[in-house]
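# Fold and contact review
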Amino acid sequence: MLFGCFWRYTAGDDPGEYGEKFTEHPEPGALSAVVLLVIGDDEERLHLRRALSGEGWRVLPASSGAQARQISGREDFEIAVVDNRLPDERGFQVIAGVQKPNVSTVALLRDEDTMDRIVGIELGADYYMRSPVNPRELVARVKQILRKREIAGELAGASGRLQVGDLEIDPDRVEVNKGGREVLLSPREFKLLYTLASSPGRVFPRGALLRQVWGEDEYIDERTVNVYVQRLRNKLGDNPSEPKLIETVRGFGYRLVKQN
């Protein structure tokens, strides 16, 4: 499949943020997407917006956390790209504020933002890139995310609904129910749970889960799996101190316990 398109913009046609109108012309077969772009620096935001719009994607630009939240309340989007250095708050706080089911998040971090990266993982950031980011690298990452979402949807549709005890996972609707109660998960949490539930009783090494759920990401290590398992336990009501659903197999990884 080919990805990409050509684009053009003309100054003064749009009374919006930059006084520019971006006209999107996706190539046949290109994956469509709506991207929330939260960047504090005006020039950087303009360059990244041009690059993303050039792929035929609709871009929702925001210059602050407050503006991002306003947009999130009225618009639907598949991907949120958030710079960690914003004029009013940290990017990881914005990610927590705009997070929705089925939204993949990309955090742009500087090398000195190590602690923020750890907090960002806990709050739900899915991908990390160094800031300032090269526009071509960001476009490549968004394409990668869209490909993974498309493949995951195809695989999920082929595999069908899973049920383990009172836990029901519907990949077609991207829904999880536990004891008749809907559980809202991020795309990454859903994929991790679906992977574990696909083979109840099987022990998945952390490295295998990392590769299968996260793929290749220079900012992610096996501790990320631990954080996400903890989040799944909390959302599923599985006591972390005495888990009955997702067990830790010390020295190996995790498994979803078979239910009678």
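What counts and what doesn't
- Residues numbered from 1 in each chain as written.
- Predicted model: local features only at pLDDT ≥ 70, side-chain atom pairs only at ≥ 80, totals over all residues.
- Heavy atoms only, no water.
- Buried < 20%, exposed > 50% of the residue type's maximum accessible area, 1.4 Å probe, protein only.
- Helix = DSSP H or I, 4+ residues; strand = E, 2+ residues; numbered from the N terminus.
- Arc of directions from axis to C-beta.
- Pairing = 2+ DSSP bridges.
- Axes fitted to C-alpha atoms, helices over the stretch in contact; angles between N-to-C directions.
- Contact = heavy atoms within 4.5 Å.
- pLDDT = per-residue confidence, 0-100.
- Core = buried A, V, L, I, M, F, W, Y, C linked by side-chain atoms within 4.5 Å.
- Salt bridge = Lys/Arg side-chain N within 4 Å of Asp/Glu carboxyl O.

Within helix H7 (residues 206-214), the full set of buried residues consists of Arg206, Gly207, Leu209, Leu210, Val213 and Trp214. Relative to the axis of H7, the buried residues are bounded by an arc of 160 degrees and lie together on one face.

Two modes of strand pairing occur in sheets, parallel and antiparallel, and in both the strands are linked by backbone hydrogen bonds. Read across the open sheet, the four strands follow the order S8-S9-S10-S11; overall the sheet is antiparallel. With one partner strand each, in any of the chains shown, strand S8 (162-164) and strand S11 (181-183) form the two edges of the open sheet. Geometrically, the sheet is characterised by an average inter-axis angle of 20 degrees between neighbouring strands, direction not taken into account. Relative to S11, strand S10 (residues 175-178) is paired through three bridges, and the arrangement is antiparallel. Across the sheet, residue valine 176 finds its bridge partner in S11, namely valine 183. Each of S8, strand S9 (167-170) and S10 is contacted by helix H6 (residues 187-197), which is oriented at about 115 degrees to S9, the strand it contacts most. Most of the contacts of helix H8 (residues 223-236) go to S11, to which it runs at about 160 degrees, and overall it touches S9, S10 and S11.

On average, residues of the protein chain score 80 in pLDDT, and 77% of them are at 70 or above. Ignoring residues within four places in sequence, the model shows residues 1-29, a span with pLDDT below 50, making 70 contacts including any to other chains.

This paragraph deals with the nonpolar core. Note on soluble globular proteins: their nonpolar side chains tend to be buried together. Formed by 47 residues in total, the largest nonpolar core has its most connected members in Ile169, Val176, Leu192, Leu193, Ile246 and Leu256. If you tally residues by element for this core, the top one is H6, at six residues. If sequence neighbours within four positions are ignored, isoleucine 246 has contacts with Leu196, Val229, Leu232, Arg233, Leu236, Asp238, Tyr254, Arg255 and Leu256.

With that settled, consider the pattern of salt bridges. For side chains bearing opposite charge, pairing can occur when the charged atoms are close. If you walk through the whole model with that rule in mind, you get 11 salt bridges. Glutamate 75 serves as the salt-bridge partner of arginine 58, at 3.1 Å between the closest nitrogen and oxygen. Taken together, the residues span a long stretch of sequence, with arginine 58 in strand S4 (residues 58-62) and glutamate 75 in the loop between helix H2 (65-74) and strand S5 (79-83) at a distance of 17 residues. Look at arginine 58 and you get partly exposed, because its relative accessible area is 37%. A cluster of three or more residues bridged by salt bridges with shared partners is formed by Arg161, Glu168 and Asp170.

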